[in-house]
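One letter stands for each residue in the lines below.
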Amino acid sequence: MSRSIHDLTVGDIVELRLVDDLKRTTIVQYAGASGDFNPLHTDEVFATEVAGYPSVFAHGMLTMGMTGRVVTDTFGVDSIASFGGRFTAQVFPGDSLTAVLTVDAIDTDATTVSVVTRNQRDEVVFSGHARIRADQPT
Amino acid sequence: MGAENFYVEAGHIMMFARSIGDENPAFDPTRTDPSTVVAPPTFVQSSAHFDPDYYLRPKIGASGWFGSGGTPSGTQPDVGGESTGGRQGGGLHAEQHFEYHRPVVPGAALTARVSDGETWEKQSSRGGTLVFRERITEYVDRNGDAVVTARSVGVQVIEDGAS
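Below: a short report on this structure. Owing to the predicted nature of the structure, the values given are computational and were not obtained by experimental measurement. Residue indices follow the written sequence of each chain, beginning from 1 at its first position. A letter from A marks each chain and a number from 1 marks each ligand, given out in the order of writing. For this predicted model, a pLDDT threshold of at least 70 governs which residues receive local features, and a threshold of 80 or more governs which side-chain atom pairs are given and counted, while totals over whole chains, interfaces and linings are taken from all residues. Side-chain numbers come from the whole structure's heavy atoms, not from hydrogens or water.

To continue, consider the packing of aromatic side chains. All names here are of chain B. Aromatic pairs are defined between Phe, Tyr and Trp rings, using the six-membered ring for Trp, whenever the two ring centres lie within 6.5 Å; interplanar angles under 30 degrees are classed as stacked, those over 60 as edge-to-face, and all others as tilted. Per the stated rule, a full pass over the model turns up 15 aromatic pairs over all chains. Taking the centre distance of 5.3 Å and the plane angle of 45° together, the rings of Phe-6 and Phe-50 count as tilted. Separated by 44 residues along the polypeptide, Phe-6 in strand E1 (residues 3-7) and Phe-50 in the loop between helix H1 (10-19) and strand E2 (91-100) bring together distant segments of the chain. Its relative accessible area of 0% is what places Phe-6 among the buried residues. We count a stretch as a helix when DSSP gives it H or I for four or more residues in a row; a strand needs E for two or more, and each element gets its number in order from the N terminus. Throughout, exposure labels follow a simple rule: accessible area from a 1.4 Å probe, protein chains only, divided by the maximum for the residue type, with under 20% read as buried, over 50% as exposed, and the rest as partly exposed.

The structure is reproduced here in structure tokens:
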């Protein structure tokens, strides 16, 4: 499934559908696995009546975790040197997310990609970068 | 999320991968050689489970959880001075960055050391001041070797007129 960075050229794009119609249960599942049980993510009553949000919403790290799939599906896990980004909009139950990875630069020691995740309204919810070490055998 | 003993386990990696919708067999000891399992890139976030003081986990026997129970707000405890993350003046996660030095694999026992980074402010376009706080978490193994460096940025909105 993963490919050598030698197969890619600058400007190449990889698109991955991350989730359709995000469920509250999925957010709860992430809370359990990650250990972040903030009721803003897990407790509709608290999120709406106390905190004033329209509903619970996803952990930023759930969005980033799902987004990481487009990196690991493309390059595997072992050669990732860095992965990071900004949370630019909240993700709510019912949202559908798509990640797009773009190859920005290929150097002798590493490949740099940008990764942008958008919701069904084409709003950017996560925007970041990853560096992949060029230590794979040719 | 500081932790002295963040035990990395294959079953936890599998559950974490499921929660992010990732079916990559590399994260699942039931579908690959368990000795080859590695953690997905954001897995170290789950070190929260191993932070004894992590304020976003209900504590056994403690009465102070701020989620709904008999009332929508629970018991409104003191949560250690940290934000509850909501519009009650709390903070939200603005950025997250990881640098990977060594693979995170089952059997590792990592130590997570947290330090404060920079703090800066910005005017919000919706009014108020945005206060950004950076925290650095260094994950090291039993040999003291760096495994992952995490940098998170939280943002808090200070309404105009509030002090």
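After that view of the structure, there is still more to cover.
In this section: the interface of chain B and chain A. Listed as interface residues are 45 residues of chain B and, on the opposing side, 42 residues of chain A. Summed over both partners, the interface of chain B with chain A comes to about 3400 Å²; 60% of that surface belongs to carbon and sulfur atoms. Polar contact is defined as a pair of N or O atoms within 3.5 Å, subject to the rule that within protein one atom must be able to donate a hydrogen and the other to accept it, and that residues adjacent in sequence are counted only when both atoms are side-chain atoms. Where chain B touches chain A, the interface holds 12 residue pairs in polar contact (both at pLDDT 80 or more). Residue assignment for the side of chain B that touches chain A shows that the elements contributing at least two residues are H1 and E2 of chain B. Per-element accounting of the side of chain B that touches chain A gives the leading share, 9 residues, to E2(B). For this analysis, residues touch if any pair of their heavy atoms sits within 4.5 Å. When two parts are put together, the accessible area they lose, computed with a 1.4 Å probe and summed over both, is reported as buried area.

Once that is clear, we can look at the sheet that holds strand E3 (residues 109-123) of chain B. Overall, antiparallel pairing links the 10 strands, which are arranged E1(A)-E3(A)-E4(A)-E5(A)-E2(A)-E2(B)-E5(B)-E4(B)-E3(B)-E1(B) in an open sheet. Strands with a single pairing partner mark the edges of an open sheet, and in this sheet they are strand E1 (13-19) of chain A together with E1 of chain B. Neighbour to neighbour, the strand axes of the sheet diverge by 25° on average, direction disregarded. Paired strands, as defined in this entry, are two strands with at least two bridges between them according to DSSP. Two strands pair when backbone bridges link them, and strand E4 (residues 129-140) of chain B and strand E5 (residues 146-158) of chain B are joined in this way by 12 bridges, in the antiparallel orientation. Looking at the pairing, B:Val131 lines up with B:Gln156 of E5(B). Inter-axis angles, ranging from 0 to 180 degrees, are taken between N-to-C directions of lines fitted to C-alpha atoms, where helices are fitted over the stretch in contact.

Let us now look at the pairing of strand E5 (residues 124-133) of chain A. Residues and elements named next belong to chain A. Sheet topology places strand E2 (residues 80-87) next to E5; 7 bridges connect them, and they run antiparallel. Bridge assignment links Gly-84 to a residue of E5, and that residue is His-129. As defined by bridge partners, strand E4 (residues 110-118) adjoins E5 across 9 bridges and the pair is classed as antiparallel. Looking at E5, one finds that Thr-117 is bridged to Phe-126. Hairpin geometry of E4 and E5 is characterised by an intervening segment of 5 residues between the two adjacent antiparallel strands and by a positive phi of about 65° at Asp-122.

Take the nonpolar core next. Grouped together as the largest cluster of nonpolar side chains are 55 residues, with contacts concentrated most on A:Val71 and B:Val104. Element by element, the count of residues in this core is highest for helix H4 (residues 60-75) of chain A, at 7 residues. Setting aside its immediate chain neighbours within four residues, A:Val71 contacts A:Gly76, A:Ile80, A:Phe83, A:Leu101, A:Val115 and A:Ala130. By nonpolar core we mean a set of buried residues, namely Ala, Val, Leu, Ile, Met, Phe, Trp, Tyr and Cys, connected to one another through side-chain atoms within 4.5 Å. Core analysis: the second largest hydrophobic core is formed by 12 residues, A:Phe46, A:Phe57, B:Ala48 and B:Phe66 among them.

Our next topic: the packing of helix H1 (residues 24-34) of chain A against H1(B). Between H1(A) and H1(B), the least distance of the axes is 8 Å, while the angle of their chain directions is 155°. In terms of orientation, H1(A) and H1(B) fall into the roughly antiparallel class. Viewed along their axes, H1(A) and H1(B) form a crossing whose handedness is left-handed. For the pair H1(A) and H1(B), the contacting residues are A:Thr26, A:Gln29, A:Tyr30, A:Ala33 and A:Ser34 in the first and B:His12, B:Met15, B:Phe16, B:Arg18 and B:Ser19 in the second. Classes in brief: Ala, Val, Leu, Ile, Met, Phe, Trp, Tyr, Cys and Pro nonpolar; Asp, Glu, Lys and Arg charged; the others, Gly included, polar. Classifying every residue of the contact of H1(A) with H1(B) gives 4 nonpolar, 5 polar and 1 charged. To sort the angles, those under 35 degrees are grouped as roughly parallel, those over 145 as roughly antiparallel, those from 65 to 115 as roughly perpendicular, and the leftovers as oblique. For any helix crossing, the convention is left-handed if the near helix is rotated counterclockwise from the far helix by under a right angle, and right-handed if that rotation is clockwise.

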